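So the chains spell out like this:
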Amino acid sequence: MSEVSTPDTLLEAASVASPKGRSLWADARGRLARNRAAVASIVVLCCIAVACLVGPYLTGHGYDQVYQNYVRVPASFASYPTAEQLPPAVDRIASRIRAKAEGLTDTGPTLRLTLTSTTTRPIDERLLVYFERSNLFGRAVATGKEDEGRRLLVEAPVNRHHFWFGTDSNGRDLLTRTLIAGRVSLAIGVLATTVAILIGVLWGSTAGYLGGRVDLVMMRVVDVLYSLPFIFFVILLVVFFGRNFVLMFIAVGAVEWLDMARIVRGQTLSIKRQEYVQAAEAMGVSTRGILTRHVIPNTLGPVVVYMTLLVPKVILLESFLSFLGLGVQEPMTSWGVLISEGAKSIQGSAWMLVWPSVFLTGTLFCLNFIGDGLRDALDPKDR
Amino acid sequence: MAAADLNAPAPQPAGVPVLAIRDLDVRFRTGDGELRAVKGVSFDVAAGETLAIVGESGSGKSQTMMAVMGLLAANGAATGSVTVGGEEILGLSPRQLNRFRGRRLGMIFQEPMTSLDPLYRIGDQLAEPLLAHAGMSRKEARARALELLTLVGIPRPAERLDSYPHELSGGQRQRVMIAMALANRPEVLIADEPTTALDVTIQAQVLDLLADLKRRFGMAIVFITHDLGIVRRIADRVVVMKSGQIVETGRTEEVFAAPREAYTRMLLAAEPTGRKEPPPADAPPVVEARDVRVSFNLRKGWFGGGDRELVAVDGVDLLLRRGGTIGIVGESGSGKSTLGRAVLRLVPSSGTVRFEDRDLTSLDRSAMRPVRRRMQLVFQDPFGSLSPRMTVGEIITEGLLVHEPAITRAERNRRAAQALEEVSLDPASRNRFPHEFSGGQRQRIAIARTMILKPAVVVLDEPTSALDRSVQKEIVELLRDLQRRHGLSYLFISHDLAVVRAIADEIIVMKSGKVVERGTVDGIFRDAHEPYTQALIAAAFLSKEAGPAA
């Protein structure tokens, strides 16, 4: 090119004033931001994700912590134990100590009571440890003795617990478990989808772009994998490798990339006839360069949309597997497992079904709305 | 209302406006706010007259008529008044509008390939408006469809009734579209660039057909076009539009003879002018092709018997000298684009191609790569040839990534700015995306992409066909300028002889893969033997002969 034009000053001036162009993605973002349902869904989804990540540390319960005294207690904003729960619990402890509890006064943080021995012997103070063993009380201390130790004045601190979502049939806090389950479900949703998309996009674009015999062989591989019954495939994996969290990713990923590969191949077939691909070929760009710079970026529109629809699909698939007992193992849990348990005890304790379901359906709704919004946003006809 | 006898004369006396447009505004809601595509347009169309609306792309000429037909995109809205025979039709519901559309207003579109539904037979598509509007029985409608096909001059109309659209050629499809629009004998026929997608020879036939139909039925035609040659040929009156407004109206002869507005004069003078200096006779040959032959196998499938061979290019010889330009012309399907690609070794071919004393025939893909840098290709469609997801800078410098992988990002950036400068684009546009540019600017970007590699040969595959006349002129001047500065050689593929004359030294005319005529530009223009070449010449210089001294 001639050295006459373009002095460096011009270039500098240009780079200073150079306006940033609006990419198609930026356009799409703008359109998405105007879609209220999609924006609301993104906000809700982010809230759910943050809650699942941070929430379990804040609830004050371990996801596998069992409260024998609080089996299947209903969801409540008030703290446990309730005033009605205290006397029977105290009676149970007292009978173990072989004493009778009288004069219960609940001062809030502590419970004062008098234990009267039901035998002739004095009460062994060491037996007060039974208070601690219950989930209701802390370490109980004797504040006074009467009648040669046959009457004991006892002060026991009351452990106040909150079970906002209630507890399950093992007495574990459902809120913590729902959030922990969310981590598992979302992780599977995101990771398996990512795996599926990576393999699918690479496979599909390569097959579509190279065409001919390569395409034929690659797509027949896809067809063969399609024809395997999914559940049979999973059972086979479980039989060979035992129940394992990683197996879920493999099983789901191995099946879900097939759709993606077909979609991307179809897109690639039309893109490779575009003149900008021919222009790159005429310039001598390598196959790899054409795939990564021209073909794949232009297939991403449909891929992104499909991804938002794939995540709920994968979450549901995991729920389905867990429902059948092929998924995650206790005490680890997922939304599918929780719903399955909740469904079993729907008559007595509906909260066990309601809360995980609310989270799962909420997430699925959001993802579908986002997918819908993205499809509209990426549709070039709306420009 | 049963359709009247097709051969009856028009019911209205000529001169009464059948279509009146007053203060028509068309607005589109877009992400960047409101876009006013048409601004207060008013005109009348009298019965039996042909009105041409001309203007460059983006002048609002199509949107005006889309608004009349109630076919605006979902984000568009029209205000003002449109009356057909005194009845207001703007703002009617689609259902009410259907009393007018197809019955009193017919429309034909630019793209005959996509405006017919590929799933329905021709006869069924023709019968549909007859069943819907004229209340005919199936049998009557079929008879009428046959009558219509005969009327628009389709060969073997009875067989064609049961054909699918893909079995027809482009010109035949456009005839079917015209037949559909005529089915209910509309008072006004709106034709939106009906011949732009057709070959020149076919184009002439379709124009003749329209003129003939107009004469026989006395209907009014509104003809939207950017081609002044067509206007000169068929229009009674002209409306010139620019940026959504009418800049000039008048009788065709008057406008052509004495244009009042500068814009109209610009349109009339937009023919590519000037000629190219021929290269010295002793200039070294750059590309030498002998007996180039390209054939495609059409496989018949399992039961179809043997394979059939389609010969796209049949034994063509070429000699391109340094600084020279060969214009390759021919109708669609004549193999001219394939020849260009065969020279670049982008399609498998037989025969020999030598480039700068090197035989390319034996080189494989990776051996070709260093040569690719010196042989470049520019495409017809400036919208399709730039990847929509890459910035202009990335597009331009992609070739450098391949051929000079060692240079730094800053150097690439500098060269991109330089290349843009060379095609007269703002170097600051490096960071923008192709969709932010107009067609002409995009074509400049495509040229910058080839220039950055400092090629010796550029194959230009109809680089001006998708552009407005005035933009064509600029691109041709740019190409000539670049050629002079860098000693480039061009293979210029086109069907437009006006452009070819302004840029080429030699012309090759192709038909069915063979060269039917070749010679210098002057020689071809002086005495062309082939009827096709003569038709091309006639089509290219129609407006010029009749226009003012340009």
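Residues numbered from 1 in each chain as written. Chains lettered and ligands numbered in written order. Predicted model: local features only at pLDDT ≥ 70, side-chain atom pairs only at ≥ 80, totals over all residues.

Looking at an unreviewed UniProt entry, one finds chain B named ABC transporter ATP-binding protein, with Alsobacter metallidurans as its source organism. Database annotation for chain B, UniProt heading Sequence similarities (unreviewed entry): "Belongs to the ABC transporter superfamily." Under the UniProt heading Subcellular location (unreviewed entry), the note attached to chain B is "Cell inner membrane". (UniProt positions renumbered as here; feature names shortened; annotations may be inferred.)

For chain A, an unreviewed UniProt entry supplies the name Oligopeptide transport system permease protein OppC and the organism Alsobacter metallidurans.

Secondary structure summary: chain B contains 20 helices and 20 strands in total. Taken against the 2.2 N^0.38 rule, which gives 24 Å for 550 residues, the C-alpha radius of gyration of chain B at 26 Å falls within 12% of a compact globule. Summarising its shape, the C-alpha atoms of chain B cover approximately 75 × 60 × 45 Å along the three principal directions. Within chain B, the fraction of its 550 residues that count as buried is 49%. Considering only contacts in chain B between residues 6 or more positions apart, those separated by 24 or more positions represent 70%. (Helix = DSSP H or I, 4+ residues; strand = E, 2+ residues; numbered from the N terminus. Rg over C-alpha atoms; globule rule 2.2 N^0.38 Å. Buried ≥ 20, exposed ≤ 12 C-beta atoms within 10 Å, placed from the backbone. Contact = placed C-beta atoms within 7 Å.)

Bringing the overall build of chain A into the picture now. Counting secondary structure elements, chain A contains 13 helices and four strands. In terms of overall size, chain A is more extended than a compact globule, its C-alpha atoms giving a radius of gyration of 31 Å where 383 residues would be expected to give roughly 21 Å. Principal axes of the C-alpha set define a box for chain A whose edges measure 110 × 60 × 35 Å. For chain A, the proportion of its 383 residues judged to be buried stands at 38%. Intrachain contacts of chain A at a sequence separation of at least 6 include 68% that bridge at least 24 residues.

Before going further, it helps to spend a moment on the domain arrangement of chain A. For chain A, the domain assignment lists domain 1 (30-62 + 167-382) and domain 2 (81-157). Relative placement of domain 1 of chain A and domain 2 of chain A: their C-alpha centres are 55 Å apart. (Domains from an automatic or database assignment.)

What follows covers helix α10 (residues 275-282) of chain A. Of all eight residues that make up α10(A), seven are buried, and the element is covered over most of its length. Taken together, the buried positions of α10(A) are occupied by A:E275, A:Y276, A:V277, A:A279, A:A280, A:E281 and A:A282. Those residues of α10(A) that are buried lie in contact with α9 (245-271) and α11 (287-323) of chain A together with α12 (365-372), β16 (375-378) and α13 (392-403) of chain B. Looking one or two places after α10(A), you find A:G284, whose phi comes out positive at around 90 degrees.

For the rest of this paragraph, the subject is the UniProt feature "transmembrane region" (unreviewed entry) in chain A. Per the UniProt record, "transmembrane region" (unreviewed entry) is annotated on residues 37-58, 184-210, 230-255, 303-328 and 348-371 of chain A. Here residues 348-371 of chain A is 88% helix and 0% strand, with 37 Å between the C-alpha atoms at its ends.

Let's shift gears to the environment of B:L126. All names here are of chain B. Following the sequence through the fold, L126 ends up in helix α3 (residues 122-134). A C-alpha to C-alpha distance of 5.3 Å links L126 and M180, two positions 54 residues apart in sequence. Those residues in contact with L126 that sit more than four places away from it in its chain are A145, L148, A179, M180 and A183.

Turning our attention to the UniProt feature "domain: ABC transmembrane type-1" (unreviewed entry) in chain A. Here, the residues flagged by UniProt with the feature "domain: ABC transmembrane type-1" (unreviewed entry) are residues 182-371 of chain A. Summarising residues 182-371 of chain A: 84% helix, 0% strand, and an end-to-end C-alpha distance of 20 Å.

On to the sheet that holds strand β5 (residues 87-88) of chain B, then. All names here are of chain B. Pairing is antiparallel in the open sheet, where four strands are placed in the order β2-β1-β4-β5. Where the open sheet ends on each side, the last strands, each with one partner, are β2 (33-46) and β5. Of the pairings in the sheet, the one linking strand β1 (residues 17-30) to β2 comprises ten bridges and is antiparallel in character. Paired with A20 across the bridge in β2 is D44. (Pairing = 2+ DSSP bridges.)

Our focus in this paragraph is the packing of helix α6 (residues 170-182) of chain B against helix α7 (residues 200-217) of chain B. All names here are of chain B. With their axes 10 Å apart at the nearest point, α6 and α7 run at an angle of 15 degrees to one another. In terms of orientation, α6 and α7 fall into the roughly parallel class. Crossing handedness for the pair α6 and α7: right-handed. Across the interface between the two elements, G170, G171, Q174, R175, I178 and L182 of α6 pack against I202, Q205, V206, L209 and L213 of α7. Split by residue class, the contact of α6 with α7 holds six nonpolar, four polar and one charged. (Axes fitted to C-alpha atoms, helices over the stretch in contact; angles between N-to-C directions. Parallel < 35°, antiparallel > 145°, perpendicular 65-115°, else oblique. Left-handed = near helix turned anticlockwise from the far one by under 90°. Nonpolar A, V, L, I, M, F, W, Y, C, P; charged D, E, K, R; others polar.)

A few words now on the confidence of the model for chain A. For chain A, mean pLDDT is 80; residues scoring 70 or higher make up 92% of the total. The least confident element of chain A is helix α1 (residues 8-17) of chain A, whose mean pLDDT is 43; the most confident is helix α7 (residues 212-227) of chain A, at 90. (pLDDT = per-residue confidence, 0-100.)

Our next topic: the sheet that holds strand β10 (residues 245-251) of chain B. Residue and element names in this part refer to chain B. Judged by pairing direction, the sheet is mixed, and its six strands sit side by side in the order β6-β7-β8-β3-β9-β10 without closing on themselves. Lying at the two open borders of the sheet, with one neighbouring strand each, are β6 (105-108) and β10. Strand-to-strand twist across the sheet, computed as the mean angle between neighbouring axes with direction ignored, equals 15 degrees. Note: strand β3 (residues 50-54) against strand β9 (residues 237-242), four bridges, orientation parallel. From the neighbouring strand, I53 faces β9, where its bridge partner is V239. Running over the sheet, α6 touches β6 and β7 (188-192) and is turned about 170 degrees from β6.

Let us now look at the environment of A:V73. Residue and element names in this part refer to chain A. One can find V73 in the loop between α3 (36-58) and α4 (86-96). Residues V73 and G166 lie 93 residues apart in sequence; the distance between their C-alpha atoms is 5.3 Å. If near-sequence neighbours (up to four positions away) are discounted, V73 is found in contact with Y80, F163, G166 and T167.

Once that is clear, we can look at the packing of α3(A) against helix α13 (residues 351-378) of chain A. Residues and elements named next belong to chain A. The interhelical angle for the contact between α3 and α13, taken along N-to-C directions, is 140 degrees, at an axis separation of 8 Å. Comparing their axes, α13 and α3 come out oblique. As for the relative orientation of α3 and α13, their crossing is left-handed in sense. In contact with A37, A38, S41, I42, V44, L45 and I48 of α3, α13 contributes F359, G362, T363, C366, L367, F369, I370 and G373.

Moving on to the nonpolar core. Counting 149 residues, the largest nonpolar core has B:I328, B:V343, B:I445, B:A448, B:L491 and B:F492 as the members making the most contacts within it. Per element, the largest residue contribution to this core is 15 residues, and it comes from helix α6 (residues 174-210) of chain A. Contacts of B:I328, omitting those with residues within four sequence positions, involve B:K336, B:L339, B:G340, B:L491, B:F492, B:I493, B:I508 and B:M510. (Core = buried A, V, L, I, M, F, W, Y, C linked by C-beta atoms within 7 Å.)

Looking now at helix α16 (residues 469-486) of chain B. All names here are of chain B. Its 18 residues give α16 an end-to-end C-alpha distance of 26 Å, which sits within 8% of 26 Å, the value for a rise of 1.5 Å per residue. Residues R469, V471, Q472, K473, I475, V476, L479, R480, L482 and Q483 constitute the buried set of α16. Residues of α16 that are buried make contact with α10 (262-268), α15 (439-451), β18 (489-494) and α17 (497-503). Phi for G487, located one or two positions after α16, is positive at around 60 degrees. (Expected span 1.5 Å × (residues − 1).)

To continue, consider the confidence of the model for chain B. All names here are of chain B. Chain-level statistics for chain B give a pLDDT mean of 82 and a share of 92% at 70 or above. In the model, residues 543-550 has pLDDT below 50 throughout and makes 15 contacts with residues more than four positions away in sequence or in other chains. Two numbers describe this predicted complex: its pTM, 0.72, and its ipTM, 0.71.

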